[in-house]
Amino acid sequence: MNQVAGRNWLRWAGVVGIVILCGYLCIRMFQLRHAQMAHALWWTGDIIVRYLEAHDGTWPRRWEDLATVVGEEDLKGSGVMECAGGRRAMKYRQRLPIQRLREMVWVDWSADVHELVTAERSAERPPFLVVRPLRGDHFYFSGAEPNEMIRAHLVARSGL
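A. Molecular detail of the overall build of the protein chain. Looking only at helices and strands, the protein chain features five helices and four strands. Moving toward the C terminus, one meets the helices and strands of the protein chain in the order α-α-β-β-α-β-α-β-α. Contacts in the protein chain between residues at least 24 apart in sequence constitute 64% of all its contacts with a sequence separation of at least 6. On the protein chain, roughly 10,100 Å² of surface is accessible, and the fraction owed to carbon and sulfur atoms is 56%.

In structure tokens form, the structure reads like this:
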């Protein structure tokens, strides 16, 4: 009887271990699946802010415009990058090439900078949606939501 109880305990411990491992793997797969989109949205927002800085606040009209502010050195390696607005430094894993961003991210090329600068900040949602995923949910890193990055830059630039 003692041996049977010991085996049952080991079986239950094995089942619990497998359930915990499966749960952990599911969470990690969910995170990894959405991490690339979060990187793509953050990088797109940062490129747009770079473009606005380099072109005196003029809104880009196509992906090729954004490519003018991205150099080869931007796509190499990993390190620390300052978020737009200088709020905090963020580690990044990847900066995707423009061609890959084009496949993942939608940009409103007809946006009006004057309308964007007057948009009010909201804790519940982005102030406007000029950058969003082509497919799927809008996942982003804390402090790196692209529309808020753009809004913060425009407000800082305008002095409002």
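B. Structural view of the state of the cysteines. Under the defined criterion, the tally for this structure stands at zero disulfides. Free cysteine C26: the closest other cysteine sulfur is in C22, separated by 6.5 Å.

C. Representation of the side chain of E148 within the structure. Its place among the elements puts E148 in helix 5 (residues 146–158). Given a relative accessible area of 10%, E148 falls into the buried group.

D. Helix 5, seen in detail. Compared with the 18 Å implied by 1.5 Å per residue over 13 residues, the 18 Å span of helix 5 between its first and last C-alpha is a close match. The buried count for helix 5 comes to ten of 13 residues, which makes it a mostly enclosed element. All of the buried residues in helix 5 are P146, N147, E148, M149, I150, R151, A152, H153, L154 and V155. Once helix 5 finishes, G159 follows within two positions and takes phi at roughly 80°, a positive value.

E. The arrangement of the packing of aromatic side chains in detail. Scanning the model with the defined rule gives one aromatic pair in all. Judged by centre distance (5.3 Å) and plane angle (80°), the rings of W63 and W109 are edge-to-face. On the criterion of sequence distance, the pair formed by W63 in helix 2 (residues 63–67) and W109 in the loop between strand 3 (105–107) and helix 4 (113–117) is long-range, its members being 46 residues apart. Take W63 and W109: they sit in the same class, and that class is buried. Over the aromatic face of W106 sits the side chain of R132, whose NZ or CZ is 4.0 Å from the ring centroid.

F. Quick peek at the nonpolar core. Counting 32 residues, the largest nonpolar core has W59 and I150 as its most contacted members. Elements with a contribution of two residues or more to this core: helix 1 (2–54), helix 2, helix 3 (98–104), strand 3, helix 4 and helix 5. In terms of residue count, helix 1 provides more of this core than any other element does, nine residues in total. Apart from the residues within four sequence positions on either side, I150 is in contact with G45, I48, V49, L52, W59, F128, V130 and V131.

Here is what the cut-offs are and how they apply
Residues numbered from 1 in each chain as written. Predicted model: local features only at pLDDT ≥ 70, side-chain atom pairs only at ≥ 80, totals over all residues. Heavy atoms only, no water. Helix = DSSP H or I, 4+ residues; strand = E, 2+ residues; numbered from the N terminus. Contact = heavy atoms within 4.5 Å. Areas by Shrake-Rupley, 256 points an atom, 1.4 Å probe, with all protein chains shown as cover. Disulfide = S-S within 2.5 Å. Buried < 20%, exposed > 50% of the residue type's maximum accessible area, 1.4 Å probe, protein only. Expected span 1.5 Å × (residues − 1). Phe/Tyr/Trp six-rings, centres within 6.5 Å; stacked < 30°, edge-to-face > 60°. Lys NZ or Arg CZ within 6 Å of the ring centre and 35° of its normal. Core = buried A, V, L, I, M, F, W, Y, C linked by side-chain atoms within 4.5 Å.

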